[in-house]
Amino acid sequence: QSALTQPASVSGSPGQSITISCTGTSSDVGGYNYVSWYQQHPGKAPKLMIYEVNNRPSWVSNRFSGSKSGNTASLTISGLQAEDEADYYCSSYATYSPGYVFGTGTKVTVL
Amino acid sequence: EVQLVQSGAEVRKPGESLKISCKGSGYDFSSTYWIGWVRQMPGKGLEWMGIIYPGDSNTRYSPSFQGHVTISADKSISTTYLQWTSLEASDTAMYYCARVPGISPRRNFDYWGQGTLVTVSS
């Protein structure tokens, strides 16, 4: 039951789009549409950004979108802004857990 | 407004016991919502520890934490707990509680507590 694999860091300039990948297996990401994404600023609690692969809570900007293909889920941030600089974690329901597994985390830097 | 308010920071010595809490408000605490616990060690990522349904105290644990912690709930006061009987230095971390909607624990963590910092040091 290893963590889902994310790139350690992703960067982009203001206004650009970036995509963060989250790779698992058929027992987690690939097997269920229960993939979610969380944003965490330093010293703060995580915040839900995307749920069930591609749904946004009411408090999240439409600049954030999610998708999934096979065992890999993705989070795309469009129109990158300084406030988007944070750590991002994916999570999925996992049959082997039995419950949840988180990704390794990605640090997003706005250049 | 949905809120999860956690108890304050704790400092303990190795071998000591500890119980931290998470109090929910602004929603029906004992119906169709689970409460999960997540560990974040210093400078590290998020780890799922376990989850409880306060309505009937149905509890599930990550294999990585089974036997080392106990999750419980008192629905009469809308509070869940995370407990250790014998702390280790490696338990030093921030601990978050978070709500999961639904009758089975598969969906997202939609609301999070502010976190409780636990420091274990001799």
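Predicted model, so just to flag it, every value in this text is computed and none were measured.

Visitor: Can you break down the interface of chain A and chain B residue by residue, with the values?
Guide: Taken residue by residue, the interface counts 22 residues in chain A and 24 residues in chain B. Of the roughly 1,900 Å² buried at the junction of chain A and chain B (both faces included), carbon and sulfur atoms supply 61%. When the buried surface of chain A facing chain B is broken down by residue, Pro46(A), Tyr100(A) and Phe102(A) rank first, second and third, together holding 33% of it. There are 1 salt bridge connecting chain A and chain B. With a closest N to O distance of 2.6 Å, Glu52(A) and Arg107(B) form a salt bridge. Only strand S3 (35-40), strand S7 (86-94) and strand S8 (99-102) of chain A provide two or more residues apiece to the side of chain A that touches chain B. Among the residues forming the side of chain A that touches chain B, the class breakdown is 14 nonpolar, 6 polar and 2 charged.

Visitor: Give a description of the state of the cysteines that names residues and reports values.
Guide: Summed over all chains, the structure comprises 2 disulfides over all chains. Here Cys22(A) connects covalently by a disulfide to Cys90(A), the sulfurs 2.1 Å from one another. Measuring the twist about the S-S bond at about 75°, one finds the Cys22(A)-Cys90(A) disulfide to be right-handed. One end of the pair, Cys22(A), is in strand S2 (residues 18-23); the other, Cys90(A), is in strand S7, and 68 residues separate them in sequence. A sulfur-sulfur distance of 2.1 Å marks the disulfide that ties Cys22(B) to Cys97(B). The disulfide joining Cys22(B) to Cys97(B) has a torsion of about 75° about its S-S bond and is therefore right-handed. Here Cys22(B), found in strand S3 (residues 18-25), pairs with Cys97(B), found in strand S9 (residues 93-101); they are 75 residues apart in sequence, far enough to count as distant. For the pair formed by Cys22(B) and Cys97(B), the shared burial category is buried.

Visitor: For the pairing of strand S6 (residues 72-77) of chain A, give the residues involved together with the corresponding values.
Guide: Residues and elements named next belong to chain A. Sheet topology places S2 next to S6; 6 bridges connect them, and they run antiparallel. Considered in S6, the bridge of threonine 23 is made with threonine 72. As paired elements, strand S5 (residues 64-69) and S6 share 6 bridges and run antiparallel to each other. In the strand pairing of S6, serine 67 is matched with serine 74.

Visitor: Mind laying out the packing of aromatic side chains, listing which residues take part and the relevant values?
Guide: The full count for this structure, using the stated rule, is 16 aromatic pairs over all chains. Put simply, the rings of Tyr38(A), Tyr100(A), Phe102(A), Trp48(B), Tyr96(B), Phe109(B) and Trp112(B) pair up and form one aromatic cluster. Directly above the ring of Tyr81(B) sits Lys19(B), whose terminal nitrogen or CZ lies 4.5 Å from the centroid. The ring centre of Tyr27(B) lies 4.6 Å from the NZ or CZ of Arg99(B), which sits over that ring.

Visitor: Which residues make up the environment of Gly8(B), and what are the values?
Guide: Structurally, Gly8(B) can be placed in the loop between strand S1 (3-6) and strand S2 (10-12). Between the C-alpha atoms of Gly8(B) and Gln114(B), which are 106 residues apart in sequence, the distance is 9.6 Å.

Visitor: Residues and numbers for the nonpolar core, please.
Guide: Generally speaking, nonpolar side chains in soluble globular proteins are found buried as a group. Residues Ile20(A), Cys22(A), Trp37(A), Phe64(A), Leu75(A) and Tyr88(A) are the most contacted members of the largest nonpolar core, which totals 24 residues. Looking at this core, the elements that each hand over two or more residues are S2, S3, strand S4 (47-50), S6, S7 and strand S9 (106-110) of chain A. It is S7(A) that contributes the most residues to this core, 4 residues altogether. Core analysis: the next-biggest nonpolar cluster, separate from the first, contains 23 residues, Leu4(B), Phe29(B), Leu82(B) and Leu87(B) among them.

Visitor: So what's going on with the layout of surface pockets? Residues and values would help.
Guide: The gaps left among the atoms become clear once a water-sized probe is rolled over them. Estimated volume of the largest pocket: approximately 350 Å³. Lining the largest pocket are 20 residues; nearest its centre among them are Gln40(A), Asp87(A), Tyr89(A), Gln40(B) and Lys44(B). Among the secondary structure elements, those contributing two or more residues to the lining of the largest pocket are S7 and S9 of chain A together with S9 of chain B. Along the lines of polarity and charge, the residues of the lining of the largest pocket split into 7 nonpolar, 9 polar and 4 charged.

Visitor: Please give an account of the environment of Leu111(A) that cites residues and values.
Guide: All names here are of chain A. Looking at the secondary structure, you find leucine 111 in the segment after S9. Judged by relative accessible area, which is 65%, leucine 111 ranks as exposed. Residues leucine 111 and serine 17, 94 residues apart in the sequence, show an inter-C-alpha distance of 12 Å. If we skip the residues at most four places from it in the chain, leucine 111 touches Ser11, Gly12, Ser13 and Pro14.

About the criteria used
Residues numbered from 1 in each chain as written. Chains lettered and ligands numbered in written order. Predicted model: local features only at pLDDT ≥ 70, side-chain atom pairs only at ≥ 80, totals over all residues. Heavy atoms only, no water. Contact = heavy atoms within 4.5 Å. Buried area = accessible area lost by both parts, 1.4 Å probe. Salt bridge = Lys/Arg side-chain N within 4 Å of Asp/Glu carboxyl O. Helix = DSSP H or I, 4+ residues; strand = E, 2+ residues; numbered from the N terminus. Nonpolar A, V, L, I, M, F, W, Y, C, P; charged D, E, K, R; others polar. Disulfide = S-S within 2.5 Å. Buried < 20%, exposed > 50% of the residue type's maximum accessible area, 1.4 Å probe, protein only. Pairing = 2+ DSSP bridges. Phe/Tyr/Trp six-rings, centres within 6.5 Å; stacked < 30°, edge-to-face > 60°. Lys NZ or Arg CZ within 6 Å of the ring centre and 35° of its normal. Core = buried A, V, L, I, M, F, W, Y, C linked by side-chain atoms within 4.5 Å. 1 Å grid on protein atoms, 1.4 Å probe; cavity = no way out; pocket = protein on both sides within 12 Å on 5 of 7 lines; lining within 4 Å. Points joined across faces, edges and corners; volume = space filled by probe spheres on them.

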